[in-house]
Amino acid sequence: MISDQLYALAFEYKKTKLWRMLWDVQVFAVKLSDGRIGYISIMGGGGSHCALGLYIGQAGLDSLRCIAEADQFRMSPFEFHENIIRQDCLQCAFEGKEELSKEELEEARAYARANGIRISGKNAYPQFVRYKPSCLPWPLQTQQEQEDLCEALSAAIHMAKLLEGHRPEDLGIRRIDGGADEIVLLELQDGAYAVSKIKALPRQPMVWPEPSNCNEIGLASLKKIRKSGTYECEIIQFPDPVQNGPGEAPCFPFVFLAVNADMNFVLPVSPVKSYLDAPEELLNFFIDALRKEGMCPKELLVRDERTYAFAKGFCAKLKIP
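Residues numbered from 1 in each chain as written. Predicted model: local features only at pLDDT ≥ 70, side-chain atom pairs only at ≥ 80, totals over all residues. Heavy atoms only, no water.

1. A look at the overall build of the protein
Scanning the protein for helices and strands turns up eight helices and 12 strands. The principal-axis extent of the C-alpha atoms belonging to the protein is close to 75 × 45 × 35 Å. Classification of the 321 residues of the protein by burial places 45% in the buried group. By sequence separation, contacts in the protein at least 24 residues apart represent 65% of the contacts at least 6 residues apart. (Helix = DSSP H or I, 4+ residues; strand = E, 2+ residues; numbered from the N terminus. Buried < 20%, exposed > 50% of the residue type's maximum accessible area, 1.4 Å probe, protein only. Contact = heavy atoms within 4.5 Å.)

Structure (structure tokens):
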């Protein structure tokens with residue numbers, strides 16, 4: 001259940017119309033009560049998705065950069081999709097009633113009735129969601145998430161006051177995709193916000209997972225099969241989500257795509273949810289698929305560094321270039 005405090009702050013934030021003062025890439029930060037740094041993105045300036053996004057810590061900030069840098073004209077459809085679903089944040093969004101679940105709608109209306117608020121107009125209903133990488137947005141699950149969003153909304157309301165009669169540049173707010181080396185920070189001290197700046201953390205390089213082990217019995221059986229064929233390979237994420245149960249956020253699974261163009265053949269490798277944390281599962285599915293088809297590649301061609309990191313150990317053990 002969403003707290004009255006979170007609803008109150010959401011409706012108060014909506015009155016500020018902060019999205020008319022800031023673009024989503026003009027990020028500022030808030031120091032949360034437990035010392036973590038949250039980066040706040042104000043969405044809605046383009047007239048589509050109206051929301052406040054709270055991106056916590058290095059991982060959150062880097063996920064925001066991924067979205068800001070996503071270019072559908074320069075990237076493949078799979079690469080663009082992956083950048084977009086890498087989002088790691090909490091959001092207070094404003095949606096039409098048709099976008100809310102029955103429970104969310106009833107809860108929002110109950111709060112509005114109890115507090116004399118009339119909900120009307122386009123995108124008038126607050127919705128509170130958690131974005132986890134590789135998953136569809138899902139309702140908040142913990143009290144801590146609600147408290148974090150309350151602190152972010154409170155900071156945003158104060159930022160709207162600071163921006164009255166000023167441009168974002170006057171306060172030192174710069175575009176996160178423009179190489180900003182500092183970010184404006186709001187910190188609540190003795191009931192009032194102090195304004196300072198913090199160094200913008202450089203984006204951390206992506207380290208792709210490498211399987212540390214595999215099904216050795218399956219590997220031994222592949223060694224007995226005559227090598228043949230060149231397979232063009234890439235790890236991709238399905239564009240459509242899957243869900244194991246109603247209480248679980250739908251996620252976009254990973255698959256190891258292996259194509260033998262000469263045979264017009266796609267190896268049927270089962271998808272996995274846990275590639276980033278446990279790449280061994282995907283590798284074992286690849287080995288199982290080869291065993292079932294009675295095939296062992298003569299050569300692998302890989303599309304990118306991620307696929308190379310995944311396949312190099314397998315290839316080394318089987319002496320496959």
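2. A short note on the packing of helix α1 (residues 4–16) against helix α5 (residues 143–162)
Interaxial distance between α1 and α5 falls to 9 Å at its minimum, and their mutual angle equals 25°. As judged from the angle between their axes, α1 and α5 are roughly parallel. Between α1 and α5 lies a crossing of left-handed hand. Facing Q5, L6, L9, A10, E12, Y13 and T16 of α1, the residues of α5 in contact are Q146, L149, C150, L153, S154, A156, I157 and A160. (Axes fitted to C-alpha atoms, helices over the stretch in contact; angles between N-to-C directions. Parallel < 35°, antiparallel > 145°, perpendicular 65-115°, else oblique. Left-handed = near helix turned anticlockwise from the far one by under 90°.)

3. What to know about the packing of aromatic side chains
Scanning the entire structure with this criterion turns up 10 aromatic pairs. With centroids separated by 5.4 Å and ring planes inclined at 80°, the aromatic side chains of Y7 and F128 adopt a geometry described as edge-to-face. Placement of the pair is Y7 in helix α1 and F128 in strand β5 (residues 125–131), with a sequence separation of 121 residues. For F128, a relative accessible area of 4% gives the class buried. Consider the rings of Y275 and F310, whose centres lie 6.3 Å apart with planes at 65°: the pair is edge-to-face. Of the two residues, Y275 is situated in the loop between β11 (265–266) and α7 (279–293) and F310 in helix α8 (residues 305–318); the sequence distance between them amounts to 35 residues. Accessibility assignment for this pair places Y275 and F310 in one class, buried. Its guanidinium or amino end placed over the ring of W208, R306 lies 5.2 Å from that ring's centre, counting from NZ or CZ. (Phe/Tyr/Trp six-rings, centres within 6.5 Å; stacked < 30°, edge-to-face > 60°. Lys NZ or Arg CZ within 6 Å of the ring centre and 35° of its normal.)

4. A look at the layout of surface pockets
Its boundaries defined by the atoms lining it, the largest pocket holds a volume of some 830 Å³. What lines the largest pocket is a set of 31 residues, and nearest its centre among them are E82, R86, M206, W208 and R306. Sorting the residues of the lining of the largest pocket by element identifies α2 (57–69), α3 (77–84), β9 (230–237) and α8 as the ones contributing at least two each. Sorting elements by how many residues they give to the lining of the largest pocket places α2 first, with five residues. Residue classes in the lining of the largest pocket are distributed as 13 nonpolar, seven polar and 11 charged. Volume-wise, the second largest pocket comes out at about 430 Å³. In terms of lining residues, the second largest pocket is bounded by 22 residues, among which K132, P133, C135, A249 and C251 are the most central. Partitioned by chemical class, the residues of the lining of the second largest pocket number 12 nonpolar, four polar and six charged. (1 Å grid on protein atoms, 1.4 Å probe; cavity = no way out; pocket = protein on both sides within 12 Å on 5 of 7 lines; lining within 4 Å. Points joined across faces, edges and corners; volume = space filled by probe spheres on them. Nonpolar A, V, L, I, M, F, W, Y, C, P; charged D, E, K, R; others polar.)

5. Digging into the sheet that holds strand β12 (residues 299–302)
Overall, mixed pairing links the four strands, which are arranged β11-β10-β9-β12 in an open sheet. One side of each edge strand has no neighbouring strand; the edge strands of this open sheet are β11 and β12. Bridging between β9 and strand β10 (residues 254–260) involves six bridges; their strand directions are antiparallel. Among the inter-strand pairings, I236 is bridged to a residue of β10, identified as V255. The strands touched by α3 within the sheet are β9 and β10, with β9 carrying the most contacts at an inclination of about 30°. Those strands touched by α7 are β9, β10 and β11, and its axis lies near 35° from that of β10. (Pairing = 2+ DSSP bridges.)

6. Re the nonpolar core
Nonpolar side chains in soluble globular proteins tend to be buried together. Core analysis: the biggest nonpolar cluster contains 44 residues, and Y13, F28, I40, I42, L52 and F128 have the highest contact counts within it. When residues of this core are assigned to their parent elements, the largest contribution, nine residues, is made by α5. Residues contacting F28, with those up to four places away along its chain left out, are L22, G38, Y39, I40, I42, A155, A156, M159, I183, V184 and L186. Y231, M295, C315 and L318 belong to the second-largest nonpolar core, a separate cluster that totals 29 residues. (Core = buried A, V, L, I, M, F, W, Y, C linked by side-chain atoms within 4.5 Å.)

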